[in-house]
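Analysis of the macromolecular model
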Amino acid sequence: MTSQTSGPKATLESGPGGGRLAATAVGAVGAQNLILLMAIVAVAALFGVLDPGYLAWSNIRVIGDAVTIAGLLAVVQTVVIICGALDISVGSATGVASVVSAMAFMATDRSPVLGMAAALVVGLLLGVVNGIVIVYGRVNAVIATLATLAAYKGLAQLLSGGAAQGYVLGDDLFIFISRGSIIGLPTMVWILALVAVAIHVLLKYTDIGRNLYAIGGNDTAARLAGIDINKYLIAVYALAGLIAAVAGIILTARIGSGHPTSGSAGLELKAITAAALGGCALKGGKGGVGGTLLAVVLLGALENGLTFHGISTFWQNVAQGALLVVAVVIQQRRSGERAVGLPT
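All figures in this text were calculated on a predicted structure; none of them were measured in a lab.

1. Describing the pattern of salt bridges
- Applying the stated criterion across every chain, the model contains 2 salt bridges.
- With its nearest N and O atoms 2.6 Å apart, the salt bridge here joins Arg210 to Asp207. Of this pair, Arg210 and Asp207 both sit in helix H9 (residues 207–217), 3 residues apart, roughly one helical turn.
- For Arg210, a relative accessible area of 45% gives the class partly exposed.
- Notably, a salt bridge pairs Glu303 with Lys270, separated by 3.5 Å at the nearest N-O pair. With Glu303 in helix H13 (residues 289–308) and Lys270 in helix H12 (residues 267–277), this residue pair connects regions lying 33 residues apart in the sequence.
- With relative accessibility at 25%, the residue Lys270 sits in the partly exposed group.

The following block contains the structure:
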C-alpha cells in the first residue's frame, strides 16, 4: 500500500522541483549562453571524433591564442553596440597601433614600454576621432566608421610604407606577451580575461554601465533623464580605440613586427559577428560580455577545426558570414518585426 502511494507522490513533488531547478539554472546562465555552450560542446565533440588531436591541450592552447585579438575587439564592440552604435574601424585601428608600437619601439632604442605607450595613445586618439565625427559631424556611426576603416588602413600603410616595421622578438616583454604563460594559461588569454572582467564590471555594476544601456535602449528617454549622450559616445569610441591598440600590441608581439594589414584584416567582421551571436541587439540596449566571449570561443573552435582538417579559408569566411546572418535573423524574429516589404 505504501509503495503504491509513494510513487506518484514522489513524482509530483520531484517534477516541479526539478523544473524549478532547471529554470533557475537556465536563468543563471541565460538561454542564449546555454545555446552557445551547447554549440561549443557539439563543435568540440564533432572535431574531436574526427581527430582526437583536436582536443589535445596543445591545440586548445592554439585556439586560446588565436581568439585573443578578436576577443578583445568583440568585447569592446559589445560596449559600442549596447550604446546603440557600431565601430567598423577597429581592425584598421589595430593595424595602425601594431605599426606604431613597433616603430616607436625601434625609435626609442628598443624600449617596449615606450613603444606600447605610443600605440595606446594613438589608439585612443583614433577612437576619439571616430566619436567626434559621429557626434559633432552628425554622421551615422556605420558610415563614419566605414570611412575611418579605409582612412586608418591607409594611415597604417603610409606610416609603414606598406611593409613590416621593426623587430620585437628579441625583447623579453614582447616575448612574454606572445609566448609566456601564467599558471599554465597563455599571457594573451590573461590579458583578454582582465579586459573582459573590467568591462563586465563597468557594464553591470556601475552607473556608467546603466547609462549605456539606457542610451542604447531609448536615447530620447536617456537625454530627458539628463544623460550627456554625446560625452558617452565619444568615451565609448575612445575605449574602442584603446582596446584596439591593446590588440595591436599583441598582434605585434605575435608577428614579431608591426604590419599594416597582416593579422588585422577582417577583425571588425569577427568582432561584430561574435557580439551578435553573443546576444547583443544591434539596435542597442541589450547584450553582455559573457555571451560575446562564448561566441568568440565558438568561432575560434570552428575556425580551428576547419583549419585542422584542411578546409579552405574561403569556406571559413562563408561560415562566418552565414553565422552573422543567422544571428541577425534570430534577433529580428525575436523582436517581432515584420519582414521588409511584406504586409504587417
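2. Some remarks on the confidence of the model for the chain
- In this model, the chain carries an average pLDDT of 86, and 86% of its residues clear a pLDDT of 70 or more.
- For the chain, the element scoring lowest by mean pLDDT is helix H1 (residues 2–29), at 49; helix H5 (residues 112–136) scores highest, at 96.
- Counting contacts from residues 1–14, a segment whose pLDDT is below 50, to residues more than four positions away or on other chains yields 1 contact.

3. Topic: helix H6 (residues 141–160)
- When the terminal C-alpha atoms of H6 are compared, their 28 Å separation across 20 residues agrees well with the 28 Å that a helix rising 1.5 Å per residue should span.
- Among all positions in H6, only Ala141, Ala144, Thr145, Thr148, Leu149, Tyr152, Ala156 and Ser160 are buried. Along the long axis of H6, the arc covered by the buried residues comes to 145°, so they all point the same way. Every exposed residue of H6 that faces more than 90 degrees away from the buried side is listed here: Ala150 and Leu158.
- Lining the buried residues of H6 we find helix H4 (90–107), H5, helix H11 (229–255) and H12.
- Residue Asn140 occupies the N-cap position of H6, its side-chain oxygen lying 2.8 Å from the main-chain nitrogen of Val142.
- Following H6 by one or two positions, Gly161 adopts a phi angle in the positive range, close to 70°.

4. Focus: empty space enclosed by the protein
- Under the definition given, this model contains 1 cavity of 30 Å³ or more.
- In this model, the largest cavity occupies a volume close to 30 Å³.
- The wall of the largest cavity is formed by Asp87, Ser89, Val90, Ala93, Leu126, Gly127, Asn130, Tyr152, Ala240, Gly241 and Ala244.
- Secondary structure elements with two or more residues in the lining of the largest cavity: H4, H5 and H11.
- The residue inventory of the lining of the largest cavity, partitioned by class, reads 6 nonpolar, 4 polar and 1 charged.

5. Remarks on the packing of H4 against H5
- In the contact formed by H4 and H5, the axes pass within 7 Å of each other and the chain directions differ by 150°. Here H4 is positioned roughly antiparallel relative to H5, judged by the angle of their axes. The hand of the H4/H5 crossing is right-handed. Mapping the contact onto sequence places Ala93, Val96, Ala97, Val100, Ser101, Ala104 and Phe105 in H4 and Pro112, Leu114, Gly115, Ala118, Ala119, Val122 and Leu126 in H5.
- Of the residues belonging to the contact of H4 with H5, the class tally is 12 nonpolar, 2 polar and no charged.

6. Thoughts on the packing of aromatic side chains
- All chains considered together, the criterion is met by 2 aromatic pairs.
- Here Phe47 and Tyr54 contribute two aromatic rings whose centre-to-centre distance is 5.4 Å and whose plane-to-plane angle is 45°, an arrangement assigned as tilted.
- The class of Phe47 is buried, set by a relative accessible area of 6%.
- An angle of 80° between the planes, with centres 5.5 Å apart, marks the rings of Phe105 and Phe174 as edge-to-face. Pair noted here: Phe105 is in helix H4 and Phe174 is in helix H7 (residues 172–179), with a separation of 69 residues, a long-range link.
- Residue classification places Phe105 among the buried residues on the basis of a relative accessible area of 1%.

7. Considering H9
- Within the sequence span of H9, burial applies to Gly209, Leu212, Ile215 and Gly216. Buried residues along H9 cover an arc of 120° about the axis, so they all sit on one side. Exposed residues on H9 whose side chains face more than 90 degrees from its buried face are Asp207 and Gly217.
- Where the residues of H9 are buried, they touch helix H3 (57–82), helix H8 (187–205), helix H10 (219–224) and H11.

8. Things to note about the environment of Thr313
- The topology assignment puts Thr313 in helix H14 (residues 313–335).
- What makes Thr313 partly exposed here is its relative accessible area of 47%.

Conventions and cut-offs
Residues numbered from 1 in each chain as written. Predicted model: local features only at pLDDT ≥ 70, side-chain atom pairs only at ≥ 80, totals over all residues. Heavy atoms only, no water. Salt bridge = Lys/Arg side-chain N within 4 Å of Asp/Glu carboxyl O. Helix = DSSP H or I, 4+ residues; strand = E, 2+ residues; numbered from the N terminus. Buried < 20%, exposed > 50% of the residue type's maximum accessible area, 1.4 Å probe, protein only. pLDDT = per-residue confidence, 0-100. Contact = heavy atoms within 4.5 Å. Expected span 1.5 Å × (residues − 1). Arc of directions from axis to C-beta. Polar contact = N/O pair within 3.5 Å; in protein donor to acceptor, adjacent residues only side chain to side chain. 1 Å grid on protein atoms, 1.4 Å probe; cavity = no way out; pocket = protein on both sides within 12 Å on 5 of 7 lines; lining within 4 Å. Points joined across faces, edges and corners; volume = space filled by probe spheres on them. Nonpolar A, V, L, I, M, F, W, Y, C, P; charged D, E, K, R; others polar. Axes fitted to C-alpha atoms, helices over the stretch in contact; angles between N-to-C directions. Parallel < 35°, antiparallel > 145°, perpendicular 65-115°, else oblique. Left-handed = near helix turned anticlockwise from the far one by under 90°. Phe/Tyr/Trp six-rings, centres within 6.5 Å; stacked < 30°, edge-to-face > 60°.

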